[in-house]
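Each chain is listed here by its residues.
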Amino acid sequence: MSDMSGSGVFSGEVPGGGPGAADDPVLARVALGLDGVQAAQRGRTAQARESFERLWEALGERDVFHRCVLAHYLADLQDDPRAELEWDRRALAAADSLTVERAQTYESALQVRAFYPSLHLNLASDHLKLGEPDQARDQLERAVVSLDALPEDEYSAGIRAAVDELRQRLR
């Protein structure tokens with residue numbers, strides 16, 4: 001359920017990975033992120049995965065906001081449903097450790113609670129792909145419970161529609 005457009009993912013950092021990026025850790029991370037987004041947009045899944053996995057390592061444990069976003073993207077790039085589940089679990093774990101204050105350093109109106117409908121929806125979908133309908137229902141229920149955190153916008157409408165669609169498939 002991720003948007004691979006790249007807009008806003010690395011806000012607050014200097015864009016581009018031109019000369020000197022390798023010498024500047026922030027620019028090097030931005031370059032990896034941009035490489036990953038561009039590769040994903042061009043359908044080069046393996047290249048996008050590689051760039052994002054390198055960025056994952058470069059971010060370190062403390063940057064939970066970016067790790068949450070990145071794991072969410074990486075899950076969508078997996079060929080193996082078990083690997084997709086693992087990345088979605090990492091995204092959820094990062095969100096669970098993300099404080100409101102940390103999230104709002106990137107966007108003052110950002111609410112961590114609004115991450116949960118999509119994160120749980122993805123986990124429900126993963127479990128369904130793996131033939132685990134009970135776990136899928138559990139995650140879908142968590143998504144439903146957290147829907148009230150979403151604003152009324154086009155993205156949120158898409159999440160709500162996907163929840164309804166998955167609910168129908170699980171009946």
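Residues numbered from 1 in each chain as written. Predicted model: local features only at pLDDT ≥ 70, side-chain atom pairs only at ≥ 80, totals over all residues. Heavy atoms only, no water.

Asker: I would appreciate a short explanation of the packing of helix 6 (residues 116–129) against helix 7 (residues 133–146) in the present structure.
Answerer: A pair of packed helices is captured by two measures, namely the crossing angle of their axes and the spacing between those axes. Where helix 6 contacts helix 7, the axes come no closer than 8 Å and their chain directions differ by 165°. The angle between helix 6 and helix 7 places the two elements in the roughly antiparallel class. You can see that helix 6 and helix 7 cross each other, and the crossing is left-handed. Between helix 6 and helix 7, the contacting residues are Y116, P117, H120, L121, L123, A124, H127 and L128 on the first element and Q135, A136, Q139, L140, R142, A143 and S146 on the second. Looking at the contact of helix 6 with helix 7 residue by residue, the class counts come to 9 nonpolar, 5 polar and 1 charged. (Axes fitted to C-alpha atoms, helices over the stretch in contact; angles between N-to-C directions. Helix = DSSP H or I, 4+ residues; strand = E, 2+ residues; numbered from the N terminus. Parallel < 35°, antiparallel > 145°, perpendicular 65-115°, else oblique. Left-handed = near helix turned anticlockwise from the far one by under 90°. Contact = heavy atoms within 4.5 Å. Nonpolar A, V, L, I, M, F, W, Y, C, P; charged D, E, K, R; others polar.)

Asker: What exactly am I supposed to notice about the side chain of N122 here?
Answerer: Considering the arrangement of structural elements, one finds N122 in helix 6. Here H72 takes part through its side chain, which lies 3.5 Å from a polar atom of the side chain of N122. (Polar contact = N/O pair within 3.5 Å; in protein donor to acceptor, adjacent residues only side chain to side chain.)

Asker: Even after reading the chapter, I still don't get the nonpolar core, so can you show me in this structure?
Answerer: The nonpolar side chains of soluble globular proteins are, as a tendency, buried together. Residues F52, L70, L98, F115 and L119 are the most contacted members of the largest nonpolar core, which totals 33 residues. The greatest single-element share of this core, amounting to 9 residues, is contributed by helix 3 (residues 64–76). (Core = buried A, V, L, I, M, F, W, Y, C linked by side-chain atoms within 4.5 Å. Buried < 20%, exposed > 50% of the residue type's maximum accessible area, 1.4 Å probe, protein only.)

Asker: Sorry, what's going on with the packing of helix 7 against helix 8 (residues 154–169) here?
Answerer: At a minimum axis separation of 11 Å, helix 7 and helix 8 run at an interaxial angle of 150°. The hand of the helix 7/helix 8 crossing is left-handed. In this structure, helix 7 contributes L140, A143 and V144 to the contact, and helix 8 contributes V163, L166 and R167. Its residues assigned to classes, the contact of helix 7 with helix 8 comprises 5 nonpolar, no polar and 1 charged.

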